[in-house]
Each structure stands twice: as structure tokens, then as C-alpha cells.
Amino acid sequence: MSDNTPAVLCQNVVKTYDTGSQQITALQGIDLEVHVGELMMLVGPSGCGKTTLISVIAGILDQDSGLCRVFGEDLLKLKNDQKLKFRAQNIGFVFQAYNLLPTLNAAENVSIPLIINGMKRREAVRKAAAVLEQVGLGDRADALPAQLSGGQQQRVAIARALIHSPRLIVCDEPTSALDHETGMHVLELLKAVAVDHSRALVIVTHDARIFGFADRIAQMDDGKIVRVQQSQPSNNPGRTEQGAHDVT
Ligand SMILES: Nc1ncnc2c1ncn2[C@@H]1O[C@H](COP(=O)(O)OP(=O)(O)O)[C@@H](O)[C@H]1O
Ligand SMILES: [Mg+2]
């Protein structure tokens, strides 16, 4: 991998869902590049294809056509076990619906990526408790998901995406269930931990309060990227409703 290999490269990515009765083209030729060291936000109306796009980027869903590479790796070309390994080592995903395992407590849920990567369970759970501390849930490590509020479950999901220090973190609406202060704290943490000279972060969001954290904002509509904006450095995160301006 050369130094300027992008964290994410999408070229003409198309994805159609076949529901039997109808075909829905959720992605109609997406071109997108996310650089290493960048926080890219993805915005757009409900149903425009945001979740589908990040699912393709994270290798959870296969596109029908077009190219998608993560750190130079074309996930479509990997065999299943290679793909699982690549994802386990390189990608953290925060699902919109959290996807916590209901019978495991918070620390056990957070420890899963480490266990998949071969760490001993006891050590993994100990590390998980430390990451839960970072997201303000140090005292809830033993709680089951059903015993946590939506916002707390969301923070467990974020801790789980961070714990194995993946090179790419992809988050689907990570602040939707968080109050303002907690949302800002989580974004600061995500940006500090997940963005550096070798990492990148892609966040789907409706939350204008966090736009100021972005380096660039890609706007989607009807399965396409219609605009990419540079975030304004003068905008203080949390203070602005208009966190971006056009560069085109
Ligand atoms: N599993 C699925 N089966 C059929 N249609 C789907 C499925 N997932 C999403 N869609 C459709 O694809 C389009 C894009 O959905 P999605 O990517 O979830 O959008 P967003 O995250 O921007 O709200 C929508 O029209 C949605 O109804
Ligand atoms: Mg969605």
C-alpha cells in the first residue's frame, strides 16, 4: 500500500435490493474518496442510501457493480474467511440499532472484537471495562443491554467499535440517542481515538450539532452523492447549525 492510498475508495458503486415485488436501486453510481486522517460525514434524507453505502464500505453488503476499496483492499475479491479477518482487524462499525448481544453484559459486548482477534477472554473483558470508562459507562460494565438506556447502549456500541483500534471506523447515526453534552463528548472521543495519520472515520448523521467535527461532508440524495463540502475550520463544534460551506 502506497502512502497516499485512500482509506476508502468508491467508484461507480451500484446496489439494488430485490424485494420480489420490486427492485430498489439504493446506490446509483457512488464515487467517494475518504483520505487517511480524515473524518468524513455523510448526510442526506432518510432512504437516500446512507446505510447501504456504509454497509458496502464495511464489507457487510456486496455491491452489484463498481469498485470499493478499503486501504487498497477490494473486499469483494477476498474469500469469506479472509474478508472476516480483514474486517475484524481493520474496521469498526457502529450500527444504528446498536446490535448488542442481549445475553452479554456491556463489557462482554465491548470485548468481542478483541476475542475475535485472538485475545484471551479475561484480558479482553478487562480492556473493555477501561474503554467503557472512556465513554462514561465505567460503572455499568456488568449491565445487560436491556438494563441500559438507548443512549447508554449507543455508547457501548461505540466502545465496541473502538476497542481494537481499527484503521477505519464507520458509524451510523452515532449521536441520535445521546443528549447534547454526551454527543459532543463521544464525538471528541471518536475524533481523538479514530482519526490520525493512519486512520479514518466515516459518520452518517442528521445531527447538525456535530457537523463542525467533520473535515468534509458528503451530501447524498436518491442513491447519489450530490455534493462534497469542506468543513469550515472557524466553526466551533456544537455551536453552529451551518457547519459547512460549498467548496465547488
Ligand atoms: N434490506 C432491504 N431490502 C429492500 N430495500 C431496502 C433494504 N434496505 C434498504 N432498502 C431501501 O433502500 C433505500 C436506501 O435505504 P438506506 O440505505 O437504509 O437509506 P438511509 O440509511 O439513507 O435511510 C431505501 O429506499 C430503502 O427502503
Ligand atoms: Mg440509515
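Preceding block: the structure.
Residues numbered from 1 in each chain as written. Chains lettered and ligands numbered in written order. Predicted model: local features only at pLDDT ≥ 70, side-chain atom pairs only at ≥ 80, totals over all residues. Heavy atoms only, no water.

Caption draft 1: Main features of the site of ligand 1. Taken together, the residues surrounding ligand 1 are Y17, T19, I24, A26, P45, S46, G47, C48, G49, K50, T51 and T52. Between K50 and ligand 1, the recorded distance is 2.8 Å, taken from a side-chain N or O atom to an oxygen atom. The separation between an oxygen atom of ligand 1 and a polar side-chain atom of T51 is 2.8 Å. The fraction of the free accessible surface of ligand 1 (560 Å²) that becomes covered by protein chains is 63%. The leading source of residues in the shell around ligand 1 is helix α1 (residues 50-57), at three residues. (Near = heavy atom within 4 Å. Polar contact = N/O pair within 3.5 Å; in protein donor to acceptor, adjacent residues only side chain to side chain. Areas by Shrake-Rupley, 256 points an atom, 1.4 Å probe, with all protein chains shown as cover. Helix = DSSP H or I, 4+ residues; strand = E, 2+ residues; numbered from the N terminus.)

Caption draft 2: Spotlight on helix α3 (residues 106-116). Summarising burial for α3: eight of the eleven residues are buried, a large majority. All buried positions along α3 are accounted for by A106, A107, E108, N109, V110, S111, P113 and L114. In the core, the buried residues of α3 are packed alongside α4 (121-134) and α5 (150-162). Among the residues of α3, the N-terminal cap falls to N105, whose side-chain oxygen and the backbone nitrogen of A107 are separated by 3.1 Å. Backbone geometry just downstream of α3 places G118 in the positive-phi region, at approximately 105°. (Buried < 20%, exposed > 50% of the residue type's maximum accessible area, 1.4 Å probe, protein only. Contact = heavy atoms within 4.5 Å.)

Caption draft 3: Region of interest: the pairing of strand β4 (residues 65-70). Direction of pairing for strand β1 (residues 8-18) relative to β4: antiparallel, over a ladder of five bridges. Paired with V8 across the bridge in β4 is V70. In the sheet, β4 pairs with strand β5 (residues 73-74) via two bridges, with the strands oriented antiparallel. Opposite R69, over in β5, you have D74 as the bridge partner. The hairpin turn running from β4 into β5, its antiparallel successor, is two residues long, and F71 in that turn takes a positive phi close to 50°. (Pairing = 2+ DSSP bridges.)

Caption draft 4: Representation of the packing of aromatic side chains in the model. The final tally for this structure, using the stated rule, is one aromatic pair. When the centroid spacing of 4.5 Å and the interplanar angle of 45° are considered together, the rings of F93 and F95 count as tilted. Residue class for F93 comes out buried when judged on its relative accessible area of 11%. Since its relative accessible area comes to 27%, F95 is described here as partly exposed. (Phe/Tyr/Trp six-rings, centres within 6.5 Å; stacked < 30°, edge-to-face > 60°.)

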